[in-house]
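Each chain is listed here by its residues.
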Amino acid sequence: MIEFKNIQKKFGKQHVLHGIDLKFNQPGIFAILGPNGSGKTTLIKSLMGMVHPTGGQILIDGQIKQGNEYRNNIAYLPQIARFPENLSVNEFLDFIENIRGKATRKVELMTAFGVNEFADKKLRALSGGMRQKVNLVSALMYDTQTIVLDEPTIGLDPVALIALKDWIRKEQGAGKTILLTTHIMDIVEELADEIVFLLDGKVYYRGSQQELLQKTNTPSTEHAIAQLLTLKKAS
């Protein structure tokens, strides 16, 4: 269970998060949406300890988040991956295992995303799509109850995208809690159990896709999100 209680975050004079209250206490896929600058990545980085909130509390399984051990049960895919460029893909993944222990899913994920085809290449020689595949393998090769995916589809080819969606559905079926940020509404429509829409650092909407479509009287999630933005600008 993850709970954000009145989370505030300021960067200098810029107030990014304005009292975020969210609780994820059940399995499912939760799409965290919003325009650029809405606070999505800041909220995720606060959970992962990469950003320290100005105010509020984050609770993990009912306990205030402390230290770093809680992250062992959260798989985190960052939006932008940074690698040791002098290592090969195999060397990089071995390096992670030397730190965290044997990964139970490395072989499965390398096969699913076609990473075996370039596993001996240096990371500096990889294309953007290849780097994203390595990012996926390195983030997801440990079996965790919570999975956080920050823009996971960036640079993926159609085959890898299908593999990613299949993997997410598999984890959903296994009772995992998956937090997903994306600008690709097709992914949301296919996968999300619930939508959290952030705007100007606040929770502007939370509920199912069906409820959102009914509220906005629109035919698709993409149109519904666009209408929320239009209504907000007009208010």
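Residues numbered from 1 in each chain as written. Predicted model: local features only at pLDDT ≥ 70, side-chain atom pairs only at ≥ 80, totals over all residues. Heavy atoms only, no water.

Some points on the sheet that holds strand β6 (residues 74-77)
Here is step 1: Spatial strand order, β6-β7-β8-β3-β9-β10: six strands in an open sheet with mixed pairing. The two strands at the open ends of the sheet, each matched to only one other strand, are β6 and β10 (202-207). Within the sheet, the average angular offset between the axes of one strand and its neighbour, ignoring direction, is 15 degrees.
Here is step 2: Pairing of strand β7 (residues 146-150) with strand β8 (residues 177-181) involves five bridges; the strand directions are parallel. Within β8, the position partnered with T146 by the bridge is T177. (Pairing = 2+ DSSP bridges. Helix = DSSP H or I, 4+ residues; strand = E, 2+ residues; numbered from the N terminus. Axes fitted to C-alpha atoms, helices over the stretch in contact; angles between N-to-C directions.)

Re the environment of Q214
Here is step 1: With respect to the element layout, Q214 can be found in helix α7 (residues 209-216).
Here is step 2: For Q214, a relative accessible area of 57% corresponds to the exposed category. (Buried < 20%, exposed > 50% of the residue type's maximum accessible area, 1.4 Å probe, protein only.)

Some thoughts on the packing of helix α2 (residues 89-100) against helix α4 (residues 128-140)
Here is step 1: Where α2 meets α4, the axes come as close as 10 Å, and the angle between the chain directions of the two elements is 20 degrees. One finds that α2 runs roughly parallel with respect to α4. Crossing angle aside, the handedness with which α2 passes α4 is right-handed. On α4, the residues that touch V89, F92, L93 and I96 of α2 are V134, V137 and S138.
Here is step 2: Tallied by class, residues from the contact of α2 with α4 come to six nonpolar, one polar and no charged. (Parallel < 35°, antiparallel > 145°, perpendicular 65-115°, else oblique. Left-handed = near helix turned anticlockwise from the far one by under 90°. Contact = heavy atoms within 4.5 Å. Nonpolar A, V, L, I, M, F, W, Y, C, P; charged D, E, K, R; others polar.)

Considerations on the side chain of E3
Here is step 1: Among the secondary structure elements, E3 is positioned in strand β1 (residues 2-11).
Here is step 2: One buried charged residue, E3, remains without a salt bridge, the closest side chain of opposite sign being K23 at 4.1 Å.
Here is step 3: For E3, the contacting residues outside a window of four places in its chain are L22, K23, Q57, I58 and L59. (Lys, Arg positive; Asp, Glu negative; His and termini not counted. Salt bridge = Lys/Arg side-chain N within 4 Å of Asp/Glu carboxyl O.)

Describing the nonpolar core
Here is step 1: Membership of the largest hydrophobic core comes to 37 residues, with the highest contact counts inside it found for F113, V134 and L140.
Here is step 2: Looking at this core, the elements with two or more residues in it are β6, α2, α3 (106-112), α4, β7, α5 (158-173), β8 and α6 (185-191).
Here is step 3: Setting aside residues up to four positions removed in sequence, F113 forms contacts with K133, L136, V137, A160, A163 and L164.
Here is step 4: Core analysis: the second largest hydrophobic core is formed by 23 residues, I32, I44, M48 and I58 among them. (Core = buried A, V, L, I, M, F, W, Y, C linked by side-chain atoms within 4.5 Å.)

From the geometry alone we can't say anything about function, so treat these as descriptive.
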